[in-house]
Amino acid sequence: MFYIIGVGLYPKQITLEAKQAIDSCDEVYIDNYTNIFSDGNIKELEEIINKKIIELNRTELEQEQRFIKDKSCLLVIGNALSATTHY
């Protein structure tokens, strides 16, 4: 399964349900284009989820889409379904 997961506005806002979905993934990507953390950073989130996060830029998100595959997820800062890139 491929997941699109909203992680909140700072790393410590991640929900237990989101962490469980991330735990089931082999690859974890993050949208590094649409939004930024209001406090904290990606390294802090990596420590919380205990996984390496691969950062994606606008071109990778909108055109390449190599990240959309089974057992992977796209982390989105804030609300995952509010960013136009993810439609």
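Residues numbered from 1 in each chain as written. Predicted model: local features only at pLDDT ≥ 70, side-chain atom pairs only at ≥ 80, totals over all residues. Heavy atoms only, no water.

Asker: Quick question: what am I supposed to make of the sheet that holds strand E1 (residues 2–6) here?
Answerer: Adjacent strands of a sheet form backbone hydrogen bonds with each other and so pair up, either parallel or antiparallel. The strand order E1-E4-E2-E3 describes an open sheet built from four strands, whose pairing is parallel. Only two strands of the sheet have a single partner each, and these edge strands are E1 and strand E3 (54–56). Neighbour-to-neighbour, the strand axes of the sheet open up by a mean angle of 25°, direction not taken into account. Both strand E2 (residues 27–31) and strand E4 (residues 72–76) contribute to a ladder of four bridges, which runs parallel. Note that in E4 the partner of Tyr29 across the bridge is Leu74. Relative to the sheet, helix H1 (residues 16–23) contacts E1, E2 and E4, its axis offset from that of E1 by approximately 150°. Strands E2, E3 and E4 of the sheet are contacted by helix H2 (residues 42–49), whose axis makes an angle of about 150° with E2. (Pairing = 2+ DSSP bridges. Helix = DSSP H or I, 4+ residues; strand = E, 2+ residues; numbered from the N terminus. Axes fitted to C-alpha atoms, helices over the stretch in contact; angles between N-to-C directions. Contact = heavy atoms within 4.5 Å.)

Asker: Help me understand H1 in this model?
Answerer: It helps to recall that an α-helix has 3.6 residues per turn; residues three or four apart then point in one direction. Here H1 has its buried residues at Ala18, Ala21 and Ile22. Burial along H1 is one-sided: seen end-on, the buried residues are contained in an arc of 100°. Away from the buried face of H1 by more than 90 degrees, exposed residues Leu16 and Glu17 are located. The inward-facing, buried residues of H1 abut E1, E2, H2 and E4. (Buried < 20%, exposed > 50% of the residue type's maximum accessible area, 1.4 Å probe, protein only. Arc of directions from axis to C-beta.)

Asker: Where do I start with the environment of Asp26 in this structure?
Answerer: Along the chain, the position of Asp26 falls in the loop between H1 and E2. Overall, Asp26 belongs to the exposed group, its relative accessible area being 62%. Residues Asp26 and Lys71 lie 45 residues apart in sequence; the distance between their C-alpha atoms is 5.5 Å. Apart from the residues lying within four places of it in its own chain, the contact partners of Asp26 are Lys51 and Lys71.

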